[in-house]
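What follows is each chain in one-letter form.
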Amino acid sequence: MVSLKKGLFVTFEGGEGAGKSTQLRLLAESLRARGYTVLTTREPGGSAGAEAVRHVLLSGAAEAFGVRMEAILFAAARSDHVEEVIRPAIDKGTIVLCDRFMDSSRVYQGITGNLEQSFVATLERVAINGVVPDRTIIFDLPASVGLERAQRRAGDDNPDRFEKEHLETHEKRREAFLDIARRDSERCRVVDATQPVDAIATEVLSLVEVLLPHGDGTGTSTAEVVS
Ligand code: T5A
């Protein structure tokens, strides 16, 4: 078992059906096989309080109250998730893998929800309270391919609140995620999500492994092993 002094926080971002959940599961398996303690989680949700809000958001029950209210609900859910689950896990030396996080709010509520950037940034600051991902992997693919995958998987006659929006909106989100990656190239890495599952998994592992300590203490790790 490898014990880290401080954990690592990795987020998975991108459009619908981009393969985030599939790759998160595979990365967790690879890291556990290497002896690391891994926690997998998701947004909206991931803590008891946030899971309660998830249904309200994804069912569309909050849609009538407007995008601003939805953004506040996403932020409230995120705050609970950060304080109850993510921060304690990182402090214990766990590698936390999270399916969507703050960049989804920037894109879905900020860019395609047309909310002012200052409002979204304020909510983000309050919600994350200093817990910024060490690495964000952005899964990039044409929106039409992602939606088709998501709908096929769900056998989908019943798309959620956000899936059902127009293709043009989904393409705008794709561009917005790429823009975040360009602006924050230290934190973000873009992966071509049209590749086969195994090829993506190998790439994703390499993007996270560079942040982990090598057994001999060398490397560009941001995490340290407890001796
Ligand atoms: N949201 C979320 C906001 O608006 N603001 C926020 O702040 C947050 C946090 C969440 C929704 O909430 C919105 C965004 C979303 O609309 P969700 O149900 O959690 O909704 O949905 P998503 O996160 O979009 O997850 P999906 O399940 O739709 O997509 P994934 O996880 O990216 O894709 P995955 O892995 O489930 O794969 C989909 C299908 O494709 C296949 C899989 O086997 C599966 O069948 N697949 C591949 N096929 C071919 N090649 C590959 N490389 C493949 N990889 C996977």
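Shown above is the structure to which this text applies.
Residues numbered from 1 in each chain as written. Predicted model: local features only at pLDDT ≥ 70, side-chain atom pairs only at ≥ 80, totals over all residues. Heavy atoms only, no water.

1. What to know about the pairing of strand E4 (residues 135-140)
For E4, the tally of buried residues reaches six of six residues, placing the bulk of the element in the interior. Burial along E4 is two-sided: the residues Arg135, Ile137 and Phe139 and Thr136, Ile138 and Asp140 are all buried. Taken together, the five bridges between strand E1 (residues 8-14) and E4 define a ladder with parallel strand orientation. If you follow Thr11 over to E4, its bridge partner there is Thr136. Sheet topology note: the E4/strand E5 (residues 188-192) ladder contains five bridges and is parallel. Among the inter-strand pairings, Asp140 is bridged to a residue of E5, identified as Asp192. (Buried < 20%, exposed > 50% of the residue type's maximum accessible area, 1.4 Å probe, protein only. Helix = DSSP H or I, 4+ residues; strand = E, 2+ residues; numbered from the N terminus. Pairing = 2+ DSSP bridges.)

2. Some remarks on the state of the cysteines
Evaluation of the coordinates by the stated rule reveals zero disulfides. No disulfide involves Cys98; its sulfur sits 14 Å from the nearest other cysteine sulfur, which is in Cys188. (Disulfide = S-S within 2.5 Å.)

3. Examining the site of the ligand
Around the ligand, the surrounding shell holds 27 residues, and the nearest of these are Lys20, Ser21, Thr22, Ser105 and Arg153. Residue Ala18 places a main-chain N or O atom 3.0 Å away from an oxygen atom belonging to the ligand. One of the side-chain nitrogen or oxygen atoms of Ser105 is found 2.6 Å away from an oxygen atom of the ligand. Placement of the ligand is best described as lying within the largest pocket. Taken together, the elements giving at least two residues each to the shell around the ligand come down to helix H1 (20-33), helix H2 (48-58), helix H3 (67-91), helix H4 (102-111), helix H6 (143-154) and helix H8 (197-209). Counting residues per element, the shell around the ligand draws most heavily on H4, at four residues. Taken together, the residues that form the shell around the ligand break down as 10 nonpolar, eight polar and nine charged. (Near = heavy atom within 4 Å. Polar contact = N/O pair within 3.5 Å; in protein donor to acceptor, adjacent residues only side chain to side chain. 1 Å grid on protein atoms, 1.4 Å probe; cavity = no way out; pocket = protein on both sides within 12 Å on 5 of 7 lines; lining within 4 Å. Sits in = over half its atoms within 2 Å of the grid points. Nonpolar A, V, L, I, M, F, W, Y, C, P; charged D, E, K, R; others polar.)

4. Points about a nonpolar patch on the surface
A cluster of nonpolar residues, Phe65, Met69 and Ile72, forms a patch on the protein surface that exposes about 300 Å² of accessible area. Here Phe65 lies in the loop between H2 and H3. (Patch = residues over 30% accessible without salt bridge, like charges linked within 9 Å, V, L, I, M, F, W, Y side chains within 5 Å. Areas by Shrake-Rupley, 256 points an atom, 1.4 Å probe, with all protein chains shown as cover. Salt bridge = Lys/Arg side-chain N within 4 Å of Asp/Glu carboxyl O.)

5. Regarding empty space enclosed by the protein
If you walk through the whole model with that rule in mind, you get two cavities of 30 Å³ or more. In this structure, the largest cavity occupies an estimated 130 Å³ of space. Considering the residues around the largest cavity, the lining is formed by 17 residues, among which Gly15, Glu16, Leu141, His170 and Arg174 are closest to the centre. Taken together, the elements giving at least two residues each to the lining of the largest cavity come down to E4, H6 and helix H7 (167-183). Here the lining of the largest cavity gets five residues from one element, more than from any other, and that element is H7. Here the residues of the lining of the largest cavity are counted per class, giving nine nonpolar, four polar and four charged. Looking at the second largest cavity, its volume works out to about 80 Å³. Secondary structure elements with two or more residues in the lining of the second largest cavity: H3, H4 and helix H5 (117-128). (Points joined across faces, edges and corners; volume = space filled by probe spheres on them.)

6. A few points about the sheet that holds E1
Sheet architecture is open: five strands sit in the order E2-E3-E1-E4-E5, paired in parallel fashion. Looking at the sheet topology across the chains shown, the edges are occupied by strand E2 (38-42) and E5. Across the sheet, the mean angle separating the axes of adjacent strands is 20° when strand polarity is ignored. Pairing analysis gives five bridges linking E1 to strand E3 (residues 95-99), with the strands arranged parallel. (Axes fitted to C-alpha atoms, helices over the stretch in contact; angles between N-to-C directions.)

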